[in-house]
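# Remarks on the overall topology
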Amino acid sequence: MTQAIIIDTDPGQDDALAILLALAAPKVLDVRAIVAVAGNVPLPLTQLNARRLVDLSGRRDVPVYAGCAAPMERPLITAENVHGHTGVDGYDWPDTQTPLQDQGGVDFLIEALLAAGEREITLCTLGPLTNIAMALLKEPRCARGINEIVMMGGGCFEGGNTTPAAEFNILVDPHAADIVFKSSLSLTLIPLDLTHKALATPARIDRIAALGNETGKACAGMLRYFNRHDVEKYGSEGAPLHDPCVIAYLMQPDMFGGKTVNVEIETASPLTMGMTVMDWWRVTDRAPNCTVMNTIDADGYFDLLSDHLARLP
Ligand code: BDR
Ligand code: CA
């Protein structure tokens, strides 16, 4: 049986690999749509990049929508320093063939979730949570169609990657994250504590480069570009490959471990804005609201990625 998913994303090289992994697994994941949000780069580029990835995968049956161009209350923060000016630097992208859908991404999410059966669709979020929060605000009844939200974002013991306290996706739109974490929906979080164990080392990238297909070439190029910033920042062997962990978790949950705890989002303090405050040791009586994953079989993860990227053109 396949799991119906909608991918909400701000591509980004790591988003790109996540999207390709999902599109390469049609027997496991039924990707209903990709909805772009502003994040790593502005919305005109994230929606363009999503369409570039659909083209590359040969899965032009998957529609692409553009959601929100700005966070709910704060000005947009982007990350060209990490991802380059296009967001997906590292590969020479041809002109796009896949059109952008006319309907706005938030309206699409509402319509798709209202039309779905109870808990039919899993939302995979790889960027700021603006589109999801806006859909829940605009039409609360759409929550009924959501099975689970699996999100990349936040950090506990690893702290933040954009400020000392905050991870990029949550920092960009903490108010949206606050709505999602208070939603009572079934939530799974893939934070930095996990993704910092999933490093795109040179050997792992070489394996993807050697796949021999165009997808392998594009992914290796993007990963080599992505590595240059993080290797210097962390002094690690490779960049944390964040977003594909969300898709891999849905495909092979036994590779992951974690714990269900209370997570709340800081939306007031200038010092710790966007922090995911996790009650890891259950030192409060705040109700657990999120399953936070913090371990991964990294070799298994890169095996899964390579095996699936090999199936694409
Ligand atoms: C997250 O921020 C973005 O730069 C990446 O695409 C990932 O979703 C990591 O903090
Ligand atoms: Ca992302």
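Heads up: these notes are all about the structure in this document. (Residues numbered from 1 in each chain as written. Chains lettered and ligands numbered in written order. Predicted model: local features only at pLDDT ≥ 70, side-chain atom pairs only at ≥ 80, totals over all residues. Heavy atoms only, no water.)

### Brief notes about the pairing of strand β13 (residues 290–296)
The condition that has to hold: The criterion for strand pairing is that DSSP finds at least two bridges linking the strands in question. Secondary structure elements are defined from DSSP: runs of H or I of at least 4 residues count as helices, runs of E of at least 2 residues count as strands, and each element is numbered from the N terminus.
As judged from the 2 bridges shared by strand β7 (residues 187–190) and β13, these two strands associate in the parallel manner. Bridge pairing links Thr-188 to Thr-291 in β13. Sheet analysis places strand β10 (residues 256–261) next to β13, joined by 6 bridges and oriented antiparallel. Bridging across to β13, Gly-258 finds its partner in Met-293.

### A look at the pattern of salt bridges
Spelled out, the test is: The rule for a salt bridge is simple: a side-chain nitrogen of Lys or Arg has to be within 4 Å of a carboxyl oxygen of Asp or Glu. Partly exposed residues are those whose accessible area sits between 20% and 50% of the maximum for their type, while under 20% is buried and over 50% is exposed, using a 1.4 Å probe and protein chains only.
Taken as a whole and assessed by the stated rule, the structure comprises 13 salt bridges. With a closest N to O distance of 3.9 Å, Lys-217 and Glu-214 form a salt bridge. Of this pair, Lys-217 and Glu-214 are both found in helix α10 (residues 214–234), 3 residues apart, which corresponds to roughly one turn of the helix. With relative accessibility at 35%, the residue Glu-214 sits in the partly exposed group. With its nearest N and O atoms 3.8 Å apart, the salt bridge here joins Glu-264 to Arg-286. Within this pair, whereas Glu-264 is found in strand β11 (residues 263–265), its partner Arg-286 is found in the loop between β12 (276–278) and β13, the two being separated by 22 residues in sequence. The partly exposed category is assigned to Arg-286, whose relative accessible area is 36%. If you follow the salt bridges from partner to partner, you end up with Asp-30, Arg-32 and Glu-120 in one network.

### As for the site of ligand 1
Stated formally: Near, as used in this document, describes a residue that has one of its heavy atoms within 4 Å of the molecule or strand being considered. Any pair of nitrogen or oxygen atoms within 3.5 Å is treated as a polar contact; in protein, a donor-acceptor pairing is required on top of that, and neighbouring residues in sequence qualify only through side-chain atoms on both sides. To be clear on the numbers: accessible area is Shrake-Rupley with a 1.4 Å probe, and residue cover counts the displayed protein chains and nothing else.
Every residue near ligand 1 is listed here: Asp-14, Asp-15, Asn-40, His-83, Leu-126, Met-152, Asn-161, Glu-167, Phe-168, Asn-169, His-242 and Asp-243. Within the contact set of ligand 1, an oxygen atom lies 2.5 Å away from a side-chain nitrogen or oxygen of Glu-167. Protein chains shield 96% of the accessible area of ligand 1, which is 290 Å² for the free molecule. Among the elements of the structure, α1 (13–23) and α6 (168–172) are those that each provide at least two residues to the shell around ligand 1.

### Concerning the coordination of the calcium ion (ligand 2)
Convention followed: Keep in mind that water is not among the atoms, so a site may look incomplete; donors are the N, O and S atoms within 2.8 Å of the metal, or 3.2 Å for Na, K and Ca.
The protein atoms that coordinate the calcium ion (ligand 2) are Asp-10 (OD), Asp-15 (OD), Asp-15 (OD), Leu-126 (O) and Asp-243 (OD), at distances spanning 2.2 to 2.5 Å. Donor residues binding the calcium ion (ligand 2) come from one chain and are separated in sequence as D-x4-D-x110-L-x116-D. On the accessibility criterion, Asp-10 (0% relative accessible area) is buried.

### Quick word on the environment of Ser-184
In this structure, Ser-184 sits in the loop between α7 (174–181) and β7. Distance from Ser-184 to Cys-290, taken between C-alpha atoms, is 9.1 Å for residues 106 residues apart in sequence.

### Regarding the sheet that holds strand β6 (residues 146–152)
Working definition: the strands of a sheet are paired by backbone hydrogen bonds and lie parallel or antiparallel to each other. Using the following cut-off: For helices, the fitted axis covers only the stretch in contact; all axes are lines through C-alpha atoms, and the angles between them, taken along N-to-C directions, range from 0 to 180 degrees. Contacts are residue-level and defined by heavy atoms, with any inter-residue pair within 4.5 Å sufficient.
In spatial order, the strands read β4-β3-β2-β1-β5-β6-β7-β13-β10; together these 9 strands make up an open sheet with mixed pairing. Whereas interior strands pair on both sides, the edge strands pair on one side only; in this sheet they are β4 (100–104) and β10. Direction aside, the axes of adjacent strands within the sheet are offset by 25° on average. Of the strand pairs in this sheet, strand β2 (residues 29–36) and strand β3 (residues 64–66) are connected by 3 bridges, and their pairing is parallel. Directly across from Val-35, in β3, lies its bridge partner Tyr-65. Packed on one face of the sheet, α1 meets β1 (3–9) and β2 and runs near 160° to β1.

### Some remarks on α10
This is how it is decided: Working rule for helices: expected span equals 1.5 Å times residues minus one. To get the bend at a given residue, fit one axis to the seven residues ending there, fit another to the seven starting there, and take the angle between those axes.
Over its 21 residues, α10 runs 30 Å from end to end, which matches the ideal 30 Å to within 8%, given 1.5 Å per residue. At Asn-227, α10 is bent by approximately 35°, the largest bend along its length. Thr-215, Gly-216, Ala-218, Cys-219, Ala-220, Gly-221, Met-222, Leu-223, Phe-226, Asn-227 and Asp-230 are the residues of α10 that are buried. At the C-terminal side of α10, Gly-235 shows a positive phi close to 65°.

Geometric descriptors of this kind do not, in isolation, establish any biological role.
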